[in-house]
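Understanding the architecture of this molecule
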Amino acid sequence: MVPGIGTAASNFSLAVYAHTTLGLREFEAARLRVAQINGCVFCLDWRTERDGEKVEDGFADAVTQWRTTDSFDDRTRLAAEYAERYALDHHNLDDAFWTRMTAHYSQAEIVELSMSIGSWLAFGRLNHVLGLDTVCVLPKP
């Protein structure tokens, strides 16, 4: 309906999946935490696949419990925390948080994760507001 914007948005959404350098677990922890916050039905059911690999069953439950789960390493836990704080409390990303992030992620990885979270947050909410979150289809990379 809006090809000038829609094509660019689609390309951005695709690029997040096709060009990521993040590990699958941290990528999925951030993506699923945003999906949980947005309540996007499609995104909650979707699992990113790389080279035939997906996160294990129960991973989404661990994302919900990112603070206490034994299933996550520091990078995965931080990805879930960052996604939650970015979506719900971005004004309070303090120096202590950034110290922890920069201890585990490079500057380029932080920018990539930030852009990915922004994409999921925006498009998940857009899809929900327009009633598309139960019928949207992600393009294959």
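Residues numbered from 1 in each chain as written. Predicted model: local features only at pLDDT ≥ 70, side-chain atom pairs only at ≥ 80, totals over all residues. Heavy atoms only, no water.

Take the side chain of Glu-112 next. Structurally, the position occupied by Glu-112 is in helix α7 (residues 107-129). For the buried residue Glu-112, which engages in no salt bridge, the nearest side chain bearing the opposite charge is Arg-50, 6.4 Å off. Ignoring sequence-local partners within four residues, the contact set of Glu-112 consists of His-19, Thr-20, Thr-21 and Leu-22. (Helix = DSSP H or I, 4+ residues; strand = E, 2+ residues; numbered from the N terminus. Buried < 20%, exposed > 50% of the residue type's maximum accessible area, 1.4 Å probe, protein only. Lys, Arg positive; Asp, Glu negative; His and termini not counted. Salt bridge = Lys/Arg side-chain N within 4 Å of Asp/Glu carboxyl O. Contact = heavy atoms within 4.5 Å.)

Turning our attention to the packing of aromatic side chains. For the structure on display, the rule yields 9 aromatic pairs. For the ring pair Tyr-17 and Phe-27, a centre distance of 5.4 Å and an interplane angle of 75° mean the geometry is edge-to-face. Here Tyr-17, found in helix α1 (residues 3-18), pairs with Phe-27, found in helix α2 (residues 24-38); they are 10 residues apart in sequence, far enough to count as distant. A single burial state applies to Tyr-17 and to Phe-27, both of which are buried. (Phe/Tyr/Trp six-rings, centres within 6.5 Å; stacked < 30°, edge-to-face > 60°.)

This brings us to α1. Across its 16 residues, α1 extends 21 Å between first and last C-alpha, which sits within 8% of the 22 Å expected from 1.5 Å per residue. Where α1 is concerned, the buried positions are Ser-13, Val-16 and Tyr-17. Each buried residue of α1 lies within a common arc of 100° when the element is viewed along its axis, so the set occupies one face. Along α1, exposed side chains directed more than 90 degrees from the buried face belong to Pro-3 and Gly-4. Where α1 is buried, its residues meet α2 and α7. (Expected span 1.5 Å × (residues − 1). Arc of directions from axis to C-beta.)

Turning our eyes to something else, we now look at unusual backbone geometry. Despite not being glycine, Asp-51 shows a phi value in the positive range, around 50°. Along the chain, the position of Asp-51 falls in the loop between α3 (41-45) and α4 (59-64). A residue is classified by how much of its surface remains accessible, and Asp-51, at 83% relative accessible area, is exposed.

Let us look at the pattern of salt bridges. For the coordinates displayed, the defined rule picks out 10 salt bridges. For Arg-33, the salt bridge goes to Glu-84, with nearest N and O atoms at 2.9 Å. You can see Arg-33 sitting in helix α2 and its partner Glu-84 sitting in helix α5 (residues 74-88), a full 51 residues away along the chain. A relative accessible area of 13% means that Arg-33 is categorised as buried. Of the residues examined, Glu-84 reaches a relative accessible area of 10% and is grouped as buried. Notably, a salt bridge pairs Glu-84 with Arg-67, separated by 2.6 Å at the nearest N-O pair.

Time to look at the nonpolar core. Membership of the largest hydrophobic core comes to 31 residues, with the highest contact counts inside it found for Met-101, Tyr-105, Leu-113, Ile-117 and Trp-120. Listing elements by their share of this core, those giving two or more residues are α1, α2, α4, α5, α6 (95-104) and α7. Beyond its immediate chain neighbours, meaning those up to four positions away, Met-101 contacts Leu-78, Tyr-82, Ile-110 and Leu-113. (Core = buried A, V, L, I, M, F, W, Y, C linked by side-chain atoms within 4.5 Å.)

This next bit is on the confidence of the model for the protein chain. Considering every residue of the protein chain, the mean pLDDT works out to 89; 94% of them sit at 70 or more. Within the protein chain, the element-level pLDDT minimum falls on α3, averaging 75, and the maximum on α6, averaging 98. (pLDDT = per-residue confidence, 0-100.)

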